[in-house]
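In case you want the letters, here they are:
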Amino acid sequence: MRLRALAALLFFVLAWPAVAQEREQIVRMPGPGGSNLIATVLRPPGEVRQPLVVINHGSPADGSRRATMERPRYVTLSSWFLARGYVVALPMRRGYGDSGGTWAEGYGFCDTPDYFNAGLQSASDIQATIDYMRSQPYVAADRTIVVGQSAGGWAAIALSSRNPPGVSGMINFAGGRGGHQKLAGGGIGNCTPSALVDAAGRYGATARVPMLWIYAENDSFFEPALAQRMAEAYDKAGGKATYKPLGPFDRDGHSLAGASNGTPVWSPLVETFLSGLR
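Residues numbered from 1 in each chain as written. Predicted model: local features only at pLDDT ≥ 70, side-chain atom pairs only at ≥ 80, totals over all residues. Heavy atoms only, no water.

K.L.:
So what exactly am I meant to see when it comes to the packing of helix H3 (residues 75-82) against helix H8 (residues 263-275) here?
P.N.:
A pair of packed helices is captured by two measures, namely the crossing angle of their axes and the spacing between those axes. Here H3 crosses H8 at 35 degrees, and the two axes come no closer than 12 Å. Pair H3 / H8 crosses with right-handed handedness. In this structure, H3 uses Thr76, Leu77, Trp80 and Phe81 to contact H8, whose residues at the interface are Thr263, Trp266, Ser267, Val270, Glu271 and Leu274. By residue class, the composition of the contact of H3 with H8 is six nonpolar, three polar and one charged. (Axes fitted to C-alpha atoms, helices over the stretch in contact; angles between N-to-C directions. Helix = DSSP H or I, 4+ residues; strand = E, 2+ residues; numbered from the N terminus. Left-handed = near helix turned anticlockwise from the far one by under 90°. Contact = heavy atoms within 4.5 Å. Nonpolar A, V, L, I, M, F, W, Y, C, P; charged D, E, K, R; others polar.)

K.L.:
What should I look at first to understand the sheet that holds strand S9 (residues 211-216) in this one?
P.N.:
Either a parallel or an antiparallel arrangement is found when strands of a sheet pair, and the pairing is made through backbone hydrogen bonds. Taken together, eight strands build an open sheet; the order of strands is S1-S2-S4-S3-S5-S6-S9-S10 and the sheet is mixed. Two strands lie at the open edges of the sheet, namely strand S1 (24-30) and strand S10 (241-246), each paired on one side alone. For this sheet, the mean inter-axis angle between neighbouring strands, taken without regard to orientation, is 20 degrees. Against the sheet, H3 contacts strand S2 (36-42), strand S3 (50-56), strand S4 (87-92), strand S5 (139-149) and strand S6 (167-173), and its axis sits at roughly 150 degrees relative to S4. The sheet strands contacting helix H7 (residues 224-236) are S9 and S10, and the helix crosses S9 at an angle near 165 degrees. (Pairing = 2+ DSSP bridges.)

K.L.:
Help me understand the pairing of S9 in this model?
P.N.:
Along any regular strand the residues' side chains alternate between the sheet's two faces. Along S9, six of the six residues are buried, which leaves the element largely enclosed by surrounding structure. Of the two faces of S9, both are covered, the one formed by Met211, Trp213 and Tyr215 as well as the one formed by Leu212, Ile214 and Ala216. Alignment of S6 against S9, held across four bridges, turns out to be parallel. The partner of Asn172 across the bridge, within S9, is Trp213. Summarising the sheet, S9 and S10 pair through six bridges and their orientation is parallel. Across the sheet, the residue bridging to Ala216 is Leu246, located in S10. On the question of chirality, the crossover connecting S9 to the parallel S10 by way of H7 is right-handed. (Buried < 20%, exposed > 50% of the residue type's maximum accessible area, 1.4 Å probe, protein only. Right-handed = clockwise from strand over helix to strand, strands pointing away.)

K.L.:
Is there a simple way to explain the confidence of the model for the protein chain in this structure?
P.N.:
For the protein chain, the average pLDDT comes to 91, and 92% of its residues sit at 70 or higher. Here residues 11-21 is modelled with pLDDT under 50, and outside its nearest four sequence neighbours on either side it reaches 16 contacts, counting other chains as well. (pLDDT = per-residue confidence, 0-100.)

K.L.:
Help me understand the pattern of salt bridges, please; the structure alone is not making it clear to me.
P.N.:
A side chain with one charge can pair with a side chain of the opposite charge if their charged atoms come near. The final tally for this structure, using the stated rule, is seven salt bridges. In this structure, Glu47 engages Arg43 in a salt bridge whose closest nitrogen and oxygen atoms are separated by 3.0 Å. For Arg43, a relative accessible area of 14% translates into the label buried. Here the salt bridges do not stand alone but share partners, grouping Arg23, Arg43 and Glu47 into one network. (Salt bridge = Lys/Arg side-chain N within 4 Å of Asp/Glu carboxyl O.)

As structure tokens, this is what we get:
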């Protein structure tokens, strides 16, 4: 079984241009507040209804780059799910790239950030994507996985607090906000890390969806001690996060989810997590 899965994954990675050409769609869908969101949708072979995975992008530390962001690809991650029969949706949230609407994820000032409500705004865009995709004839409405990286991972954590129906599990790669910012003392770092921990606890108080949290040791945005504090606050409040700290990955572990050589690192963890879901 493992050899067949690896062979299928290799096929999709090597055949990405052909697969994308034949089974890729660029769709526009209604978003919060009358906005229009753009998403890349990739479909596996066949016409029967398939489970859905929504993969959510991060946010550039330099806000001026949001409007010019290209559509996220996450090629190896998308290929991994395609090989397992998932329809893959990669939305761009409000204010990013070609998606419409005003950017809604601002958390205010670095010394008094509101990460909690910023995450809920992002979560609304993910929910809009799920609602639209479930209306498509090729999607199984009750079999959805949500994945997010960096700000997209934080959005997934926020969405978990709403326990969206039909979502059986969520995966957070290096989730958080406020990293790589210029601090009051002139250095570069994370804006008020304790506010991330507090917000994670608030999300966990109502979250009951199983989550997998993956953070690398050399993540330059969210160092291991902070990631662990967030996970502990989330679980202590009632959330169901399985926290998996990893060793160093490449030059910066924050890039793990999008790296072409990251699959051997995260694949066993994700495979085990998905196999344990109902």
